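Take a look at the letters that make up each chain.
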Amino acid sequence: MPVGKPHLSDKDLATIASWIRGDESVTKTAPKVDNTPLTQHDVIPVLLTRCAVCHGLRRQEGGLDLRSKASMLKGGKSGPAIVLGKPEESLMLKRINAGEMPPKQQLIVVGVKPISAGETEKVVRWIRQGAPEVEPPPAVAGTPQDPLVKDKDRQFWSFQTPVRPEPPQVQHHDRVRNPIDAFVLSKLEAKHLSLSPEADRQTLIRRVSFDLTGLPPEPGEVKEFVASKDPLAYEKLVDRLLASPRYGERWGRFWLDLAGYADSEGGKLSADLPRPFAFRYRDYVIRAFNDDKPYNRFLMEQIAGDELADYEHAPVITQELMDNLIATGFLRMAPDSTTEREVNFVDDRIDVIADEIETISSSVMGLTVKCARCHNHKYDPLPQRDYYRFKAVFQGALDEHDWVSPLTLEKYGLYFPGKYLPYVTPGATPMQLLEEERKRELVNKNLDVEIKLVQTAWDEKLKDLKKKVIEKRIASQPKDLQEDLRKLAATPAEKRDEVQRYLAQKFETLLKVDTADVKQDPAVAQEAESVEKRIKLLEYKAIPEPKIRALWDRGSPSPTYLLRRGVPTSFGPFVEPGPPAVLTNAKLTYEVAPPWPGSEKTGRRLALAKWLTNQEHPLTSRVIVNRIWKHHFGVGIVKSVGNFGKAGTPPTNPELLDFLATEFIRQGWSIKQLQRLISTSSTYRQVSTVSPDSLRLDGDNTLLSRMPLRRMEGEVLNDTLTFLAGRLDETHFGKPEPVLVRDDGLVTPIETDKGWRRSIYISQRRSEIPTVLDNFDLPPMSPNCIERSESTVSLQALYLSNNTMVKQLAAFTAQRVARESGSDPSAQITYLYNLALGRPPNPEEAKASLETLLKLKQLEPKKDGDLAALSKLCHTIFNSAGFIYID
Amino acid sequence: MAHEQCNHGSPAGASKLSRRAFFDRVSDGIYGAALASVLSRDLYGASAEPATLDGHRASYDLKPQVPHFSPKAKSIIHLFMNGGPSQMDLFDPKPMLDKHHGQPYFDKVAADLTTPEQSGGLMRSPFKFGQHGKSGMWVSDAMPHLTEVVDDLAMIRSMHTMHPNHEPALFMIQSGRIIPGRPTMGSWVVYGLGTENQNLPAYVVLDDPLGLPVNGTQNWQAGFLPPIYQGTRIRSTGSPILNLAPETPETSEIVQAGRQLLSRLDQIHKKTRPNQLQLDARIASYELAANLQMTASDALDVTKESSETLEMYGVGDPVTDSYARRCIMARRLIERGVRFVQLFINSQIWDNHTFLARDMKAASARTDKPVAALVKDLKRRGLLKDTLVIWGGEFGRMPIAQMENGMETAGRDHNPSAFTLWMAGAGIKAGTVYGATDELGHEAVENKVSVTDWHATILHLLGMDYQRLVFDQNGLKDKLTSVFDCRIVNEILS
């Protein structure tokens, strides 16, 4: 190697070897004699990391700012920090070498690690060389001469703008309802296959209702749809479902997975503190889906909402302005331990930034950009430099050297504004806002009082209960001891005499009762649980503070440097902001400009958002249509939904993908239009039966010779059970519904007098995920979830078979069935089938169900026996494959 | 390996069906072959399916997999010691600390301290060290029972990790990186090897009834691996597995009526939906759920042990009872073919920032006797040769005193640069002491072993090459050892 050229010399090989071994070995082998010219970019990152917390942007201890050569020469109260050419006379180095700076006692407090010998040496050399400076290198994004990314790299299919293909001619043109079918059929026919027959109407309405709203159709809706003579009945059904507010609650979750939504901070600390205002972002997403907000606008708001319009000087805060800011919560969703810990280090912050980069690149761009954090990407033309240029895009808002943390360290003279901006009710006048605040205080104060009352009453009761436990224990002791022990128990520790103190030591375990001991009594345990529920429900009623968790540009980004091997202290070259070079060209540029005249914001993310939503962008539309497709058909056209790079899977039907991607933009980036197109196609309306031909020629259904049989997702299952039971509280938006965490780890949503809310509204604290969602594959958000996996495990069977909430819901359902269908067992069974499965039972099912129901009626005790039997039947149906699988 | 274990009766459903009918029902589900191999070794022999550990599988299951090479260990019991046990007070004697007691040392450790304002001078150990066994291994008098089994242990004194705080250090030791969200070692092991007993979870976590450890359930999560590889938390009191039994029991007739109907309905459903493999998997999962109730209860029933055994572990003594029970359960689970058992203690009993002598004694009192008994018991039952027992925490402690209120209450702060842990059993060179720290115990200096080295070594003992046990994550072949360079610590292997 290289082929056809002179071999590398030994010296070249040695250089490569030492480079592979890493920086340190290079410096170790030749430390002192090194006099390679340095520039400010070798020194500034060191000073930013070690010194700038106290001598930088927000704070100039001793009047000193160490962020530039000029400010170092200017110095602080004690004079200039550096003397050009004379490191030994430079005050800064004197202090460092004396071990005074950075001050060891304050390292932890300010989140700084000591400066290393190698770093000091660099500073010495730079000063000795006269502190040379260079102009920043020109930005290379979009220029064809980019040294690291060749034109050949741009030839890869997913880096080229999709071109709208013509639908192909097919034999089974009678099955073509829209171009999707032509593209699918053309692949099928090449294998001598065709689409499977169309499913019956009962199957269709169940399928499309679950798909678009996450809930089953009501029996009446099924009946009406099946009986309808309207040739467009199905299309109208799709329109109605798309218009339902339930649609956003179903499809919002799809986006929340990608964003990595959680109601808690998570991260490296286990306290997992709540994120009390995250829900406003969740609500924004649900509203965006319901309003069919164009996807390009949706992205603009989430990536650069703070740079879309001047919210600081707006005469009135409109809904749009508010949405812009709430949307930026997208870039605040990563697990973030720096929020709860006042002390955090540059490393921790860079990890948070890396998670945000991963979230946006895996979800929106479909690229594994994160791989380039430590080295050039192994497969894709993403040099490590591009990762850090991408990081620089966010530097105005996510700056590891100017970190935003909601805590103040006033003690140390440090102040960080929070990660929060005020929430303002759109259009409200100042008077109205004051009134809101007054009301909030009043309501919450009253609730506090109420909570305290409940808590105190319970504490008192616990005290009594504990006394009773002690009394019981004393009673089991020898008679002559009992009286002494009683006296001892009644005497406070500090008033005990010597004998009592001796006794207390001897009977320590007898006298010690904690809540767990009292809870041994199931009745007490139950009451403790209900007290906890009451308190949590009272807290739930409290009006949240008017805040949003937002991200905004602060107008003074630190310079960004490549970090060799991803190590936060191995500084490489200075980089300018920009997207991956391979995704730029003359038509697809990244241009930074101030968002509006006079704005201090950098406009870097706005430029990114504009670049991403440029019609020429080869990935943005393909990635989203592929994801939507996957959620309808179980598998993407590109199977690796989060990787459109070389290590991903190529599209199984590239023309279809490009048709959808271009059609999506043509329809104004409308997700609803795309889903209308998909769900009204013949492809979508096929049966899910696996025919022998389909099995033989299209075993894994890559060609879509049938609809896949699908299992309900955790949210759908939970919502459906609650819905069938008539206990679904369809309140939209707002604070997350609290959960009860039992000692054994069972997490159950708490019922209010209106029932249970949809799963999307249940608290998603990372450490307290509701058991049903955890068992049914809701993944941990780390930082987000680009694709859920589906497991079939016995924990799911155990949940559905034994969980108390499921049984409760079966009992509610039984009451509903009895109420609505009368007392005839056969009629009850038919009604239950129509309700839960969207169809009447077939004769075999009817027979089996009836036999069992009659048998159960005999087995159940007399009182309420019929209802108990019916409840058991409902519970069995909830466990059946026909219920949980969607044809 | 398949022949040696587990003949615990046929699962409940099997007796009601002919063998043929049963296999027809489950043989093409994802659990099918696994169940088959458990139920009928003679039919399928000992050979499992060829290993496919390359990161791509059509479906994920817990079937036993053939490892990369012949393994030394078949199962693991990880006695996790939350908090960071102090190496220089237990296993790594430092006479120089006695000599320089009270002298300043702050500058050398400042960068790693979480509480610099509380730092005192160097601090000698309050415990007396002695040499034990034929190997002459040093153990302090804080652990009187462990001294009886030292000749079965290999001690690594040169462990080091990457972060001085509990949470990241826990992520590191459990999952190979200091960040959350990655699969834990146990998940990787059962992903790679599956498990021998399909009627019990492959990866069992026995947590402390008194509370979860720091990082909570993240200590046994599957991360980006499919969720079936996450640890199953089994409670040593109350219902061992969530939803294992209904809170309000039904009569067996009612249970049976429900099960029979469910089975009939599922058969009707399946009949009209041929070739839908997931339906078989689901039916199998219900069978397993029903079996689990029986097998789990038996496996965890400590009362089946002899009184001599109970006494040896310390069951009945309020101080040791809880941990002793979990140690016995661990042994019973391993005996039944469970691959990976991990024991936790509530909060962080080894996080001795204050009252060093008092609190370390208390922590040892809870665990020392049960741990020593576990090693002895496994050995006398012939289980130790196939089982790897690991004892250790997430980092070590500092040679200097940490004083919030003066020397009387002093303890030691976290130290990521050195800690000691030990391993015993399968494939371990017993009686070995490996690696060394500097003369004060602050930093590992000789034969250093990183957490990643340690992970690679454990996988090696299980017959797996750490570079080949990979999972394809969106085009990236990720592994337990992540991107770090590492080595197998051959010097402690037999």
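Residues numbered from 1 in each chain as written. Chains lettered and ligands numbered in written order. Predicted model: local features only at pLDDT ≥ 70, side-chain atom pairs only at ≥ 80, totals over all residues.

**Some remarks on the overall build of chain B**
Rule in force here: The numbering of helices and of strands both runs from the N terminus, where a helix is a DSSP run of H or I of at least 4 residues and a strand a run of E of at least 2. Three classes are used. A residue is buried when 20 or more other C-beta atoms lie within 10 Å of its own, exposed when 12 or fewer do, and partly exposed in between, with C-beta atoms placed from the backbone. Residues are defined as contacting one another if the C-beta atoms placed from their backbone atoms lie within 7 Å.
Looking only at helices and strands, chain B features 15 helices and 19 strands. By residue count, 58% of the 494 residues in chain B fall in the buried class. At a minimum sequence separation of 6, the contacts of chain B that also span at least 24 residues come to 77%.

**Quick look at the overall build of chain A**
Of regular secondary structure, chain A possesses 36 helices and 12 strands. On the principal axes, the C-alpha backbone points of chain A span a range of 100 × 100 × 65 Å. Across the 887 residues that make up chain A, the buried fraction comes to 46%. Sequence separation of 24 or more characterises 67% of the internal contacts of chain A that already satisfy a separation of 6 or more.

**What about helix α12 (residues 245-259) of chain A?**
Residue and element names in this part refer to chain A. Heads up, the condition is: Given a helix with a known number of residues, its expected span is that number minus one, times 1.5 Å.
Taking 1.5 Å as the rise per residue, α12 with 15 residues should run 21 Å; its terminal C-alpha atoms sit 21 Å apart, in good agreement. Across the 15 residues of α12, 12 count as buried, placing the element largely inside the fold. Within α12, the full set of buried residues consists of Arg246, Tyr247, Gly248, Glu249, Arg250, Trp251, Gly252, Arg253, Trp255, Leu256, Leu258 and Ala259. Where the residues of α12 are buried, they touch α9 (201-213), α11 (233-243), α13 (278-290), α16 (346-365) and α29 (714-724).

**Focus on the domain arrangement of chain A**
Residue and element names in this part refer to chain A. Selection criterion: Throughout, the edges of the domains are those of an automatic or database domain assignment.
According to the domain assignment, chain A contains domain 1 (35-128), domain 2 (173-243 + 618-711), domain 3 (294-420 + 549-582), domain 4 (430-545) and domain 5 (714-886). Its C-alpha centre places domain 2 at a distance of 36 Å from the equivalent point of domain 3. With 14 residues of domain 2 at the contact, the number on the domain 3 side is 11 residues. Here the side of domain 2 that touches domain 3 takes 3 residues from helix α25 (residues 620-633), the largest share from any one element.

**Remarks on the interface of chain A and chain B**
The partner chain B presents 60 residues to the 66 residues of chain A that form the contact. Looking at which element gives the most residues to the side of chain A that touches chain B, the answer is helix α34 (residues 843-859) of chain A, with 8 residues.

**Observations concerning the nonpolar core**
Heads up, the rule is: Only buried Ala, Val, Leu, Ile, Met, Phe, Trp, Tyr and Cys residues enter a nonpolar core, and they are joined through C-beta atoms within 7 Å.
Core analysis: the largest hydrophobic core is formed by 193 residues, its most contacted members being Ala330, Val341 and Val389 of chain B. In this structure, Val341 of chain B is in contact with Ile77, Val204, Leu206, Ala330, Leu333 and Ile334 of chain B, ignoring residues within four places of it in sequence. Within the second largest apolar cluster, 145 residues are counted, among which are Ile286, Tyr388, Leu606 and Ile665 of chain A.

**Quick notes on the packing of α25 of chain A against helix α27 (residues 671-679) of chain A**
All names here are of chain A. As a reminder, the rule being used: Think of each axis as a best-fit line through the C-alpha atoms, taken over the contacting stretch in the case of a helix, with angles from 0 to 180 degrees between the N-to-C directions. When describing relative orientation, an angle under 35 degrees is termed roughly parallel and one over 145 degrees roughly antiparallel, while 65 to 115 degrees is termed roughly perpendicular and anything else oblique. Each crossing gets its hand from how the near helix is turned against the far one by less than a right angle, where anticlockwise is left-handed and clockwise is right-handed.
Two elements in contact, α25 and α27, have axes whose closest approach is 11 Å; the angle formed by their N-to-C orientations is 45 degrees. Between α25 and α27, the angle falls in the class oblique. In this structure, α25 crosses over α27, and the sense of that crossing is right-handed. Contact residues: Val625, Ile628, Trp629 and His632 in α25; Ile671, Leu674, Gln675, Ile678 and Ser679 in α27.

**Comments concerning the pairing of strand β9 (residues 387-392) of chain B**
All names here are of chain B. Test applied: Any two strands are treated as partners once DSSP identifies two or more bridges connecting them.
Across the 6 residues of β9, 6 count as buried, placing the element largely inside the fold. By the alternation rule, side chains of β9 split into Thr387, Val389 and Trp391 and Leu388, Ile390 and Gly392, which are all buried. Here β9 runs beside strand β13 (residues 419-425); their pairing, made up of 4 bridges, is antiparallel. Pairing of Trp391 across the sheet is with Trp422, part of β13.

**Describing unusual backbone geometry**
Residues and elements named next belong to chain A. Of note, the bond from Met101 into Pro102 is cis; its omega dihedral lies within 30 degrees of zero at -15 degrees. Its place among the elements puts Pro102 in the loop between α5 (91-97) and α6 (107-110). Here Ser782 and Pro783 are connected by a cis peptide whose omega angle stands at -10 degrees. For Pro783, the location among the structural elements is in the loop between α30 (771-775) and α31 (794-802). With a phi close to 50 degrees, Ala131 is a non-glycine residue in the positive phi region. Summarising the element assignment, Ala131 is placed in the loop between α7 (117-128) and α8 (179-190). For Ala131, a count of 21 C-beta atoms within 10 Å corresponds to the buried category. A positive phi angle is found at Asn701, which is not glycine, with a value near 60 degrees. Looking at the secondary structure, you find Asn701 in the loop between α28 (692-697) and β7 (710-711).

**Structural notes on the packing of helix α35 (residues 865-879) of chain A against helix α10 (residues 252-271) of chain B**
What counts, and what does not: Throughout, the ten residues Ala, Val, Leu, Ile, Met, Phe, Trp, Tyr, Cys and Pro are labelled nonpolar, Asp, Glu, Lys and Arg are labelled charged, and all others, Gly among them, are labelled polar.
Put simply, α35 of chain A and α10 of chain B touch, their axes get as near as 10 Å, and they point 40 degrees apart. Our classification of the angle between α35 of chain A and α10 of chain B gives oblique. Where α35 of chain A crosses over α10 of chain B, the handedness of that crossing is right-handed. Side by side, α35 of chain A and α10 of chain B meet where Lys872, Thr876 and Asn879 of chain A of the first sit next to Ile254, Gly258, Leu261 and Leu262 of chain B of the second. Its residues placed into classes, the contact of α35 of chain A with α10 of chain B shows 3 nonpolar, 3 polar and 1 charged.

**Remarks on the confidence of the model for chain B**
Low-pLDDT stretches of the model should not have their predicted coordinates read in fine detail. Residues and elements named next belong to chain B. So the rule is basically this: Confidence of the predictor in every single residue is expressed as pLDDT, which spans 0 to 100.
The share of residues in chain B with pLDDT of 70 or more is 87%, and the mean pLDDT across the chain is 84. This model gives residues 1-53 a pLDDT under 50, and the stretch forms 94 contacts once residues within four places in sequence are excluded. Both scores are available for the predicted complex, with the pTM at 0.83 and the ipTM at 0.89.

**Describing the confidence of the model for chain A**
When pLDDT is averaged across chain A, the result is 91; 93% of the residues are at 70 or more. Per-residue pLDDT stays below 50 along residues 23-31 of chain A; that stretch engages in 5 contacts with residues further than four places along the chain or on separate chains.

**As for α34 of chain A**
Basically, it comes down to this: An arc is given here, and it is the one of the directions from the helix axis to the C-beta atoms.
If you check α34 of chain A, its first and last C-alpha atoms are 24 Å apart, about what 17 residues at 1.5 Å a residue would give, namely 24 Å. Residues Glu845, Ala848, Ser849, Thr852, Leu853 and Leu856 of chain A constitute the buried set of α34 of chain A. An end-on view of α34 of chain A places all buried positions within 130 degrees of arc, on one side of the element. Across from the buried face of α34 of chain A, at angles greater than 90 degrees, the exposed residues are Pro843, Leu854 and Gln858 of chain A. The inward-facing, buried residues of α34 of chain A contact α33 (825-837) and α35 of chain A together with α10 of chain B.

**Re the environment of Lys86 of chain A**
Structurally, Lys86 of chain A is set in the loop between α4 (69-74) and α5. Residues Lys86 of chain A and Arg125 of chain A, spaced 39 residues apart in sequence, show a C-alpha to C-alpha distance of 9.5 Å.

**Let's talk about the environment of Lys293 of chain A**
Residue and element names in this part refer to chain A. As for its placement among the helices and strands, Lys293 is situated in the loop between α13 and α14 (295-304). Look at Lys293 and you get buried, because 21 C-beta atoms sit within 10 Å. Residues Lys293 and Lys672, spaced 379 residues apart in sequence, show a C-alpha to C-alpha distance of 9.2 Å.

**Considering the pairing of strand β5 (residues 153-160) of chain B**
Residues and elements named next belong to chain B. Of all 8 residues that make up β5, 8 are buried, and the element is covered over most of its length. Pairing of β5 with β13 involves 5 bridges; the strand directions are antiparallel. Looking at the pairing, Met155 lines up with Trp422 of β13. By the bridge criterion, 2 bridges tie β5 to strand β17 (residues 449-450) in an arrangement that is parallel. Looking at β17, one finds that His160 is bridged to Ser450.

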